[in-house]
Amino acid sequence: MKLSSTVRIIGIVATLVGLLALSTPARAQLLINGAGATFPYPLYSQWFDTYTKVQPNVRFNYQSIGSGGGIKQLTAHTVDFGASDAPMNDEQIASAGGKILHFPTVLGAVVVTYNIPGVDQKINLTGAVVADVFLGKIAKWNDVPIAKLNPNIKLPDADIVVAHRSDGSGTSFVFTDYLSKASESWKKDPGKGTAVKWPVGLGGKGNEGVTALVKQTPGAIGYVELIYALQNNMPFADIQNKSGNFITASLESVTAAASGTKIPADFRVSITDAAGPEVYPISSFTYLLVYEKQADTAKGQALTEFIKWALTDGQPLAPKLHYAPLPVAVSAAAQAQIGMVKVAGAN
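Here's what I pulled together on the structure shown here.

Reading guide: rules and limits
Residues numbered from 1 in each chain as written. Predicted model: local features only at pLDDT ≥ 70, side-chain atom pairs only at ≥ 80, totals over all residues. Heavy atoms only, no water. Helix = DSSP H or I, 4+ residues; strand = E, 2+ residues; numbered from the N terminus. Polar contact = N/O pair within 3.5 Å; in protein donor to acceptor, adjacent residues only side chain to side chain. Contact = heavy atoms within 4.5 Å. Salt bridge = Lys/Arg side-chain N within 4 Å of Asp/Glu carboxyl O. Buried < 20%, exposed > 50% of the residue type's maximum accessible area, 1.4 Å probe, protein only. Core = buried A, V, L, I, M, F, W, Y, C linked by side-chain atoms within 4.5 Å. Right-handed = clockwise from strand over helix to strand, strands pointing away. Pairing = 2+ DSSP bridges. Axes fitted to C-alpha atoms, helices over the stretch in contact; angles between N-to-C directions. Parallel < 35°, antiparallel > 145°, perpendicular 65-115°, else oblique. Left-handed = near helix turned anticlockwise from the far one by under 90°. Nonpolar A, V, L, I, M, F, W, Y, C, P; charged D, E, K, R; others polar.

## Section: the side chain of N150
Logical step 1: Relative to the helices and strands, N150 resides in the loop between helix 6 (144–149) and strand 6 (161–165).
Logical step 2: Here N124 takes part through its backbone nitrogen, which lies 2.7 Å from a polar atom of the side chain of N150.
Logical step 3: In terms of polar contacts, N150 uses its side chain to reach the backbone carbonyl oxygen of I146, at 2.9 Å.
Logical step 4: Excluding its chain neighbours within four sequence positions, the residues that come into contact with N150 are I123, N124 and L155.

Quick look at the structure:
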């Protein structure tokens, strides 16, 4: 008798569980696709992973393909958001088929890293000297322009092997934007852009590719985002700023670059070669790119909620990966811009 009663109870419970499952639809997992900059990729990966604890039903698929690729995929509507270190220019925005908003997320530094045989010390470089190296005008590590900046370092009579990006890259934009300000020769040709015609050197895909080239090639010099040099224990040069000081890339020196710069309403701004005694001169914002009009209600709402989180709760994660959080005023202005995103079907 007792066994029969137990069986009946189990049956009733199973029925109730089944009815509850039918009456409470499971929340479908929402996948948001993005593509673009390799510059902030280490931080964005951390953000996306952390955000799953905030919104377990939202997942991000991010392709670290370079800023140029991110802009192309966004305007082709093959991703839900793009990421770029280079602000889109007027021509790119005009051809996008709709208004695109730039959301600054953090600040970072592009560093000049090197692999000089027999040299472990940090070297000093100026923008003009770096430009001449990447132009092929300075071809040996012990050539006079480099030796004069580093009198206490015994530089070898070794060929310099230039490593640069092979893909469309916001890191390249930041680097060439700086060189165009530091060198009239560079400004004339090849100039600045996400992709330029490099006079000399070997190409690597992504910050990862340039990092690998420099590490594996004796005599190499290249440019990468700060976190890539730090994670790979690669030396990088102190760069002379406008005040004449040789500055190490750091959270403080990158923040200093933004603090004295007037930020326009659309956030499209260059902070390379900024004025100030403590400024690291190859600094930049990096951006998430989002269409103002969001046709997919669920994705549009999820994306704006993530951006709001990234601009607030996500900021304390940035310093751990050697990115500088946004200045308070910039963060507040970017949060206000979220209200400009128009999501179809939203109240």
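Once the structure has been displayed, the description carries forward.
## Re the pattern of salt bridges
Logical step 1: Tallied over the full model, the rule gives 12 salt bridges.
Logical step 2: Between D238 and K122 there is a salt bridge, with the nearest N and O atoms lying 3.6 Å from each other. Of this pair, D238 sits in strand 9 (residues 238–240) while K122 sits in the loop between strand 4 (100–114) and strand 5 (124–125), placing them 116 residues apart in sequence.
Logical step 3: A relative accessible area of 11% means that D238 is categorised as buried.
Logical step 4: Residue K181 pairs with D177 through a salt bridge whose shortest N-O separation is 3.7 Å. One end of the pair, K181, and the other, D177, are both in helix 7 (residues 170–182), four residues apart, so they sit about a helical turn from each other.
Logical step 5: Linked by salt bridges that have partners in common, D90, D266 and R268 make up one network.

## As for the nonpolar core
Logical step 1: Counting residues in hydrophobic clusters, the biggest one holds 108 residues, and the most contacted among them are L125, F134 and F306.
Logical step 2: For F134, the residues in contact, after removing those within four places along its chain, are V162, A163, F175, W186, W198, P199, V200, I221, G222 and Y223.

## As for the pairing of strand 1 (residues 30–36)
Logical step 1: Burial within strand 1 is extensive, with six of its seven residues counted as buried.
Logical step 2: Remark: the strand 1/helix 2 (residues 41–54)/strand 2 (residues 58–64) crossover connection has right-handed handedness.
Logical step 3: Alignment of strand 1 against strand 3 (residues 81–84), held across three bridges, turns out to be parallel. Considered in strand 3, the bridge of A35 is made with G82.

## Examining the environment of I65
Logical step 1: Within the secondary structure layout, I65 lies in the loop between strand 2 and helix 3 (67–75).
Logical step 2: In this structure I65 comes out as partly exposed when scored by relative accessible area, which is 24%.
Logical step 3: When the C-alpha positions of I65 and A35 are compared, they lie 6.5 Å apart, and in sequence the two are 30 residues distant.
Logical step 4: Setting aside residues up to four positions removed in sequence, I65 forms contacts with A35, G36, T38, G70, Q73, D167 and G168.

## A look at the packing of helix 5 (residues 127–135) against helix 7
Logical step 1: For the pair helix 5 and helix 7, the least separation of the axes is 9 Å and the interaxial angle reads 115°. Between helix 5 and helix 7, the interaxial angle falls into the category roughly perpendicular. Remark: the crossing between helix 5 and helix 7 carries left-handed chirality. Between helix 5, through G127, A128, V130, A131 and F134, and helix 7, the contact on the second element is made entirely by F175, Y178, L179 and A182.
Logical step 2: Here the residues of the contact of helix 5 with helix 7 are counted per class, giving eight nonpolar, one polar and no charged.

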